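# Coordinate inspection notes
Letter by letter, the chains look like this.
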Amino acid sequence: MYFDGHSDLIYDATRWRLAGETHVLERRHLHHLRGGDVEGMVLSLWSNATEDTFWRTDPRGADPVWRREQMLCALEAELRESPWLKLVRTAAEAEAARREGKIYAFFGIEGMESIGTDLDQIDHYADLGARMAMLTWNEENLLAAGAKADPQQGLTAVGRAAVKRMQRREGSFWMCRI
């Protein structure tokens, strides 16, 4: 059995759902997950709009909040349509889902561009079940410099406040102390 520590299935489901499809995870991915002996994964919400993403084809795609909301709606719909998939928050919940024969999924955030400086969104993510979060993807945003940004920048003041807020959410986010 395998655990996929980073899955972009929310992104893919959003793309197909915006094109009118439903049951995307079941129809397009379940056979691969079962065939690959995947028992669990981290479903990453990645809403960046680089030039090689489907977001560029929609005029609303320039808005990071709109992208995030589309992905959250797709995730919610896919979870309703996928009785074989269980969103979990703890190792005990993951083990229970595995015993029930379900694929379990933790919810993670890959890049937090869409929160801007609204740190209340961290609580929103945690309340939705997010258990891990990266401040950036490769880009620079209002929180920090990513891999493609100036390596000297590091965390901004807002980014430091965001990390502290995640740390205060005891048991919510897996984070190293800074």
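Look up: the structure comes first, before these words.
For the structure given in this document, a descriptive report is provided here. Computed from a prediction, not measured in an experiment: that's the story for all the values here.

### Quick look at the environment of Asp12
Take Asp12: it is sitting in helix 1 (residues 9-18). A C-alpha to C-alpha distance of 9.6 Å links Asp12 and Phe54, two positions 42 residues apart in sequence. In this structure, Asp12 is in contact with Val24, Arg28 and His29, ignoring residues within four places of it in sequence. Side chain to side chain, Asp12 and Arg15 meet in a polar contact 2.4 Å long.

### Overview of the nonpolar core
In terms of nonpolar packing, the biggest core is built from 38 residues, with Met41, Leu43, Leu85, Phe107, Ile109, Met112 and Leu135 touching the most fellow members. Put simply, the parts of the chain that give this core at least two residues each are helix 1, helix 2 (24-35), strand 2 (38-45), helix 3 (64-81), strand 4 (103-110), helix 5 (120-128), strand 5 (130-134) and helix 6 (157-168). When sequence neighbours within four positions are dropped, the list of residues in contact with Leu43 reads Ser7, Leu9, Ile10, Leu75, Leu85, Ala105, Phe106, Phe107 and Gly108. Core analysis: the second largest hydrophobic core is formed by 6 residues, Val88, Ala94, Ala97 and Tyr104 among them.

### Regarding unusual backbone geometry
Positive phi values are uncommon outside glycine, yet His23 reaches one of about 50°. With respect to the helices and strands, the residue His23 is situated in the loop between helix 1 and helix 2. Given a relative accessible area of 31%, His23 falls into the partly exposed group. Unusually for a residue other than glycine, Asp37 sits at a positive phi of about 60°. Mapped onto the elements of the fold, Asp37 is located in the loop between helix 2 and strand 2. Judged by relative accessible area, which is 34%, Asp37 ranks as partly exposed.

### Some words on the pattern of salt bridges
Taken as a whole, this structure holds 15 salt bridges when the rule is applied. In this structure, Glu21 engages Arg28 in a salt bridge whose closest nitrogen and oxygen atoms are separated by 2.8 Å. In this structure, the salt-bridge partner of Arg68 is Glu69, at a minimum N-O distance of 2.9 Å. Assessed through its relative accessible area of 5%, Arg68 is described here as buried. One connected set of salt bridges, linked through shared partners, spans Asp120, Asp123, Asp127, Arg165 and Arg169.

### Points about the environment of Thr156
One can find Thr156 in the loop between strand 5 and helix 6. A sequence separation of 56 residues divides Thr156 from Glu100, and the C-alpha atoms of the two residues are 44 Å apart. If we skip the residues at most four places from it in the chain, Thr156 touches Leu142, Leu143 and Ala144. Looking at Thr156, its side chain comes within polar contact range of the main-chain oxygen of Leu142, at 2.7 Å.

### Quick look at helix 1
The set of residues buried in helix 1 consists of Leu9, Ile10, Tyr11, Asp12, Ala13 and Thr14. Check the buried side of helix 1 and you find it contacts strand 1 (2-7), helix 2, strand 2, helix 3 and strand 4. Positive phi shows up at Gly20, right after helix 1, with a value of about 105°.

### Description of the packing of helix 5 against helix 6
Contact pair helix 5 / helix 6: the axes reach a minimum separation of 10 Å and the direction vectors enclose 35°. The chirality of how helix 5 crosses helix 6 is right-handed. Where helix 5 approaches helix 6, its residues Asp120, Ile122 and Asp123 are matched on the opposing element by Ala162, Arg165 and Met166. Partitioning the contact of helix 5 with helix 6 into residue classes produces 3 nonpolar, no polar and 3 charged.

Thresholds applied
Residues numbered from 1 in each chain as written. Predicted model: local features only at pLDDT ≥ 70, side-chain atom pairs only at ≥ 80, totals over all residues. Heavy atoms only, no water. Helix = DSSP H or I, 4+ residues; strand = E, 2+ residues; numbered from the N terminus. Contact = heavy atoms within 4.5 Å. Polar contact = N/O pair within 3.5 Å; in protein donor to acceptor, adjacent residues only side chain to side chain. Core = buried A, V, L, I, M, F, W, Y, C linked by side-chain atoms within 4.5 Å. Buried < 20%, exposed > 50% of the residue type's maximum accessible area, 1.4 Å probe, protein only. Salt bridge = Lys/Arg side-chain N within 4 Å of Asp/Glu carboxyl O. Axes fitted to C-alpha atoms, helices over the stretch in contact; angles between N-to-C directions. Left-handed = near helix turned anticlockwise from the far one by under 90°. Nonpolar A, V, L, I, M, F, W, Y, C, P; charged D, E, K, R; others polar.

This is a description of form; function is not addressed.
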